[in-house]
Amino acid sequence: MELPRSPFSAPEPCITTFQEGVLASASLRLHTFGTPIFDFDEELQVTADSRLRVCWRNPDDCWAAVALLEYTDQLDDFRLDSVDSPTGSATLLILAPPSCTLQDVALHAAPAVLEATAGSRSYAVVSVSVQEVKPGAFEQHRTHRNLSRWIPPYPDGPPYPEEVVGFGDECLRAALGPMDDTADTHFHKIFGRVLCSPSAWSRPEDFEGEAAGLKIYVQPLPGILNADRLVAASLVRLAYDFDCDAGLFLCSERRWDGAWSTWRQYVGEVVLLQKFLTAPRHVLVDSAKEADIIVVPLLSQFVSSWLVFKQAARGCPRELLKYVKHLEWPQKYGTHVFLFADHMMNLREHDPGGMMSLFALQAEIIFISHGTELASPAHITMPSVLTDADLQPASEAAAASERDIFLIYSETVDCCHPVRKHFYEVLTSDQGKALCGETCVVETRTRSKPTDASERSRQTHGLSEAAMANFNEAMKRAKFCPMGPGDTPHRHKFFHAFLAGCIPVLFDFASYFPGHRSWWREFGSPYQLSLPFPEDIPYEDIVVTVPCTQNYTESSLQMLQRLKTMPSQELERRQELLRSSRHFLAFQWRGDSPDAFTAIMQRIGRAVRKRPQIR
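Residues numbered from 1 in each chain as written. Predicted model: local features only at pLDDT ≥ 70, side-chain atom pairs only at ≥ 80, totals over all residues. Heavy atoms only, no water.

**A closer look at the state of the cysteines**
Applying the stated criterion across every chain, the model contains seven disulfides. One disulfide in the model links Cys 14 with Cys 100; its S-S distance is 1.8 Å. One disulfide, between Cys 14 and Cys 100, carries an S-S torsion of 90° and so falls in the right-handed class. Of this pair, Cys 14 sits in helix α1 (residues 12-20) while Cys 100 sits in the loop between β3 (88-96) and α5 (102-117), and the two are 86 residues apart along the sequence. Pair check on accessibility: Cys 14 and Cys 100 agree, each one buried. Across the disulfide from Cys 244 sits Cys 251; the S-S distance is 2.0 Å. Of note, the bridge from Cys 244 to Cys 251 carries an S-S torsion of about -75° and is left-handed in sense. With a relative accessible area of 16%, Cys 251 lands in the buried category. (Disulfide = S-S within 2.5 Å. Helix = DSSP H or I, 4+ residues; strand = E, 2+ residues; numbered from the N terminus. Buried < 20%, exposed > 50% of the residue type's maximum accessible area, 1.4 Å probe, protein only.)

Quick look at the structure:
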């Protein structure tokens, strides 16, 4: 790699060591926002997990840093002081020799790596920020429970303490991992560089009832399908200083971070996979031949999400098929369980012939996703994950809040379905204001392309930095949360409203299933296929629905009038049913009470027991 010339001089040992050794080629681009200047296949094959460990384990040879470069490809009469805003940004993992300083990395190493991966494209770097990444950089200072259960010690090294320990040497040692990777547990291989011990736990009781006696095997997968992308996501968050991480810990966003905040609505695979990996020891087995179910630990939204890690249509989930050793036809081993934290219609659209082909093997494959359009006993719908601490079922703040706001409506009105615009116009009309009163919160959002996120305050889905906390608080004080149809049958805001104790209000359409109704769009899928656990949650007694006719203005007025004239007894009944059901629509991080994972395991047990297992 030929280093670019710079008006600033760097110490010769730094330049020589970085350029002539393996560190320049080992440094890599993790991710790009904005104008794509990199080849997607290269980005897919990022091996951030193993490369970080190289420097963490050998600090005398190198140290690791994450660099955020903002660039422009508008080079006509380019002057740095004339650039209004960059056209894109890139996150790099830099492995630097000890002779290099942070300034050396920013001025020389990082621009060189960017230039080497840009091909023939011309660009100019507008700004660079660099920070060192040390072991434990992605962890929270917290108390860890029994590290020895999850993290193998170094060969012949001191064991981890069995008692509860805080953040310290044990956590840093866990991040480095044992030198002999063959001794790693599944948890350490997937989460070891970003978590010292699990941040989310299951309960022993989750594996009782209809799940009693089930044996679970976690299928080994290469790090490119889980660990590497989890590390890459954590480095991206660190580089941009985003409010919250990639679903590792409970966190309330203070501001809207553009595409990052949008993508975080699809990171449920992180907590769900940890729930499986924290099963009791007698549940987890070491061989597929002993298992009733085989969990495939693919973090699909980290590998293939167009919101963050990809500029083109999705397609790489099919790549995992060659790694699933025990998926054969006819089936030889237990039922395979795949995690896909999105709606199945997106998998069908973007991955023909790949993972979607597995869905046809309905009797042997269970998909846990955000919903489906095809009725199947082998599909389980999971709720969208919300990481706000005060929205968790264990917190009574949302359920007990004083409901002094009549309704809150905040949506992109030019998206998804025309009824959104008509409802907004009704709410802001003189007639709507008279019906709604002074305690309504109504705002319109702006929506930009998810890839346009070079500015952290980009209003993707409309919430500005200043409005985020206020919106969350308002939802916890509101009686009704009306919402129009979205991009898919799955609505993240539906779960937000449910956990905030705000009664969802939806437009109701005829479904393509005779005799059923769709809460998405005309002739859409029945709501029972896109909402979790309809057998246990009386949605029709909680959610307020209004039939949507071809006259959208009339339907919008009907919705508003229905809410305004609702008797107080009916309102209280719906709120009580909501409070008693909300624990099913969240994952308990500490695993101290029944939650969505409890319901998922009961359904897995029910599905497995209906078919013979060959061992």
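After that view, the rundown keeps rolling.
**Remarks on empty space enclosed by the protein**
Counted by the stated rule, this structure contains four cavities of 30 Å³ or more. The computed volume of the largest cavity comes to approximately 130 Å³. If you trace the largest cavity, you find 14 residues lining it, with Pro 489, Arg 491, Leu 506, Trp 519 and Leu 531 closest to the centre. By residue class, the composition of the lining of the largest cavity is nine nonpolar, four polar and one charged. (1 Å grid on protein atoms, 1.4 Å probe; cavity = no way out; pocket = protein on both sides within 12 Å on 5 of 7 lines; lining within 4 Å. Points joined across faces, edges and corners; volume = space filled by probe spheres on them. Nonpolar A, V, L, I, M, F, W, Y, C, P; charged D, E, K, R; others polar.)

**Thoughts on the pattern of salt bridges**
Under the definition given, this model contains 21 salt bridges. A salt bridge links Arg 53 to Asp 49; the nearest nitrogen and oxygen atoms lie 3.3 Å apart. Here Arg 53 pairs with Asp 49, and both are found in helix α4 (residues 48-57), just four residues apart, close to one helical turn. Accessibility expressed as a relative area gives 11% for Arg 53, which makes it buried. Accessibility expressed as a relative area gives 7% for Asp 49, which makes it buried. One salt bridge in this structure joins Asp 390 and Lys 476, with 2.4 Å as the shortest N-O distance. (Salt bridge = Lys/Arg side-chain N within 4 Å of Asp/Glu carboxyl O.)

**Digging into helix α9 (residues 227-240)**
Taking 1.5 Å of rise per residue, 14 residues should cover 20 Å, and α9 covers 20 Å from first to last C-alpha, within 8% of that figure. Counting buried residues in α9 gives twelve out of 14 residues, a clear majority hidden from the surface. For α9, the complete set of buried residues consists of Ala 227, Asp 228, Arg 229, Leu 230, Val 231, Ala 232, Ala 233, Ser 234, Leu 235, Val 236, Ala 239 and Tyr 240. (Expected span 1.5 Å × (residues − 1).)

**Quick look at the packing of aromatic side chains**
In the structure shown here, the tally under the stated rule is 20 aromatic pairs. Look at Phe 276 and Phe 597: their rings are 5.1 Å apart centre to centre, the planes differ by 85°, and that puts the pair in the edge-to-face class. Here Phe 276, found in helix α11 (residues 268-277), pairs with Phe 597, found in helix α22 (residues 596-609); they are 321 residues apart in sequence, far enough to count as distant. Just as Phe 276 is buried, Phe 597 falls in that class too. Between Tyr 512 and Phe 513, the ring centres sit 5.0 Å apart and the planes meet at 70°, which makes this aromatic pair edge-to-face. Judged by its relative accessible area of 34%, Tyr 512 falls in the partly exposed class. Counting every residue linked through ring pairs, the aromatic cluster contains Phe 494, Phe 495, Phe 498, Trp 519, Tyr 527 and Tyr 539. Sitting over the ring of Trp 201, Arg 145 keeps its end group 4.0 Å from the ring centre. Its guanidinium or amino end placed over the ring of Tyr 160, Arg 173 lies 4.1 Å from that ring's centre, counting from NZ or CZ. (Phe/Tyr/Trp six-rings, centres within 6.5 Å; stacked < 30°, edge-to-face > 60°. Lys NZ or Arg CZ within 6 Å of the ring centre and 35° of its normal.)

**What about the packing of α11 against α22?**
It is the contact of α11 with α22, at a shortest axis distance of 11 Å, that shows an interaxial angle of 65°. Seen along the crossing, α11 lies across α22 with a hand that is right-handed. Where α11 approaches α22, its residues Leu 272, Lys 275 and Phe 276 are matched on the opposing element by Phe 597, Ile 600, Met 601 and Ile 604. Residues of the contact of α11 with α22, tallied by class, amount to six nonpolar, no polar and one charged. (Axes fitted to C-alpha atoms, helices over the stretch in contact; angles between N-to-C directions. Left-handed = near helix turned anticlockwise from the far one by under 90°. Contact = heavy atoms within 4.5 Å.)

**Comments concerning the packing of α4 against α9**
Two measures define how a pair of helices packs: the angle their axes make with one another and the distance between the axes. Put simply, α4 and α9 touch, their axes get as near as 7 Å, and they point 70° apart. In terms of orientation, α4 lies roughly perpendicular with respect to α9. Where α4 approaches α9, its residues Ala 48, Asp 49, Ser 50 and Leu 52 are matched on the opposing element by Ala 227, Asp 228, Val 231, Ala 232 and Leu 235. Among the residues making up the contact of α4 with α9, the classes are represented as six nonpolar, one polar and two charged. (Parallel < 35°, antiparallel > 145°, perpendicular 65-115°, else oblique.)

**A word on the nonpolar core**
With 161 residues, the main nonpolar core has Leu 235, Phe 276, Ile 368, Leu 407, Phe 480 and Ile 604 as its most contacted residues. Dropping the residues within four chain positions of it, Leu 407 is found in contact with Leu 427, Cys 436, Thr 439, Cys 440, Val 441, Val 442, Phe 480, Pro 482, Leu 560 and Leu 563. By size, the runner-up hydrophobic cluster in this structure holds eleven residues, among which are Ile 224, Val 296, Phe 338 and Leu 347. (Core = buried A, V, L, I, M, F, W, Y, C linked by side-chain atoms within 4.5 Å.)

**As for the pairing of β3**
Counted residue by residue, β3 has nine buried out of nine residues, so it is predominantly covered. Alternating residues of β3 divide into Gly 88, Ala 90, Leu 92, Ile 94 and Ala 96 and Ser 89, Thr 91, Leu 93 and Leu 95, and every residue in both groups is buried. One ladder, built from nine bridges, connects strand β2 (residues 63-72) with β3; its direction is antiparallel. Counterpart to Tyr 71 in the pairing with β3 is Gly 88. (Pairing = 2+ DSSP bridges.)

**Overview of unusual backbone geometry**
Most peptide bonds are trans, and most residues other than glycine sit at a negative phi. Even without a glycine there, the phi angle at Asp 241 is positive, about 60°. Assessed through its relative accessible area of 52%, Asp 241 is described here as exposed.

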